[in-house]
Amino acid sequence: MAKIHIKKNDTVIVLAGEDKGKTGKVLQVLREKERAIVEGVNMVSKSQKPSAKNPQGGIVKQEAPIHISNLSLIDPKSGKATRVSIKHEGKNVVRIAKKSGEVIK
């Protein structure tokens, strides 16, 4: 399994595919499948049966997982795509943007 430099609640940009250039917040990271679910990206239509929550049923739009290799973290300083380096500060591990050197929170 490859290292995953993207975490939940990170802001990412899509590098490839139908939604190239879109940005969004990571809702969930699926480590074993090397995929992430990003808010407003890779939307699919899903049929839903009527239930207590949704008595009408019908077609629902929702986010589908997108491969981690198609995502890049957004630099907090410049707002552009950046790679990530990891620095150990005592017992803490800090992620740093390669472009600006800013700490990613």
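Everything below is about the structure printed above this text.
Our subject in this report is the structure included herewith.

### Digging into the environment of Val29
Move 1: Following the sequence through the fold, Val29 ends up in strand E2 (residues 23-30).
Move 2: Each C-alpha atom, one on Val29 and one on Ala52, is 29 Å from the other, the two residues being 23 residues apart in sequence.
Move 3: Setting aside chain neighbours within four positions, we find Val29 in contact with Ile4, Ile6, Lys7, Lys8, Arg35 and Ala36.

### Focus: the nonpolar core
Move 1: Core analysis: the largest hydrophobic core is formed by 15 residues, its most contacted members being Ile6, Val12, Val26, Val38, Ile66, Leu71 and Leu73.
Move 2: Where this core is concerned, the elements lending two or more residues are strand E1 (11-14), strand E3 (35-38) and strand E7 (71-74).
Move 3: If we ignore the near neighbours within four places in the chain, the residues touching Leu73 are His5, Ile6, Asp10, Thr11, Val12, Lys80, Ala81, Thr82, Val84, Arg95 and Ile104.

### Quick look at the pairing of E2
Move 1: Looking at chain direction, E1 and E2 are connected through three bridges and run antiparallel. The residue of E2 that forms the bridge with Thr11 is Lys25.
Move 2: Pairing of E2 with E3 involves four bridges; the strand directions are antiparallel. When the sheet's bridge partners are listed, Val29 is paired in E3 with Ala36.
Move 3: From the end of E2 to the start of E3, which pair antiparallel, there are four residues, and Glu34 there has a positive phi angle of about 55 degrees.

### A look at the pattern of salt bridges
Between side chains of opposite charge, a pair can form as their charged atoms come close.
Move 1: Counted by the stated rule, this structure contains two salt bridges.
Move 2: Of the charged contacts in the structure, one is a salt bridge between Lys22 and Asp19, with a shortest N-O distance of 3.2 Å.

### Looking at the sheet that holds E7
Move 1: Here six strands make up an open sheet; going across it, the order is E6-E3-E2-E1-E7-E8 and the pairing antiparallel. The open sheet terminates on both sides in strands that have one partner only, identified here as strand E6 (66-67) and strand E8 (81-82).
Move 2: In this structure, E3 lies alongside E6, joined through two bridges in antiparallel fashion. What sits directly across from Arg35, in E6, is His67.

Parameters at a glance
Residues numbered from 1 in each chain as written. Predicted model: local features only at pLDDT ≥ 70, side-chain atom pairs only at ≥ 80, totals over all residues. Heavy atoms only, no water. Helix = DSSP H or I, 4+ residues; strand = E, 2+ residues; numbered from the N terminus. Contact = heavy atoms within 4.5 Å. Core = buried A, V, L, I, M, F, W, Y, C linked by side-chain atoms within 4.5 Å. Buried < 20%, exposed > 50% of the residue type's maximum accessible area, 1.4 Å probe, protein only. Pairing = 2+ DSSP bridges. Salt bridge = Lys/Arg side-chain N within 4 Å of Asp/Glu carboxyl O.

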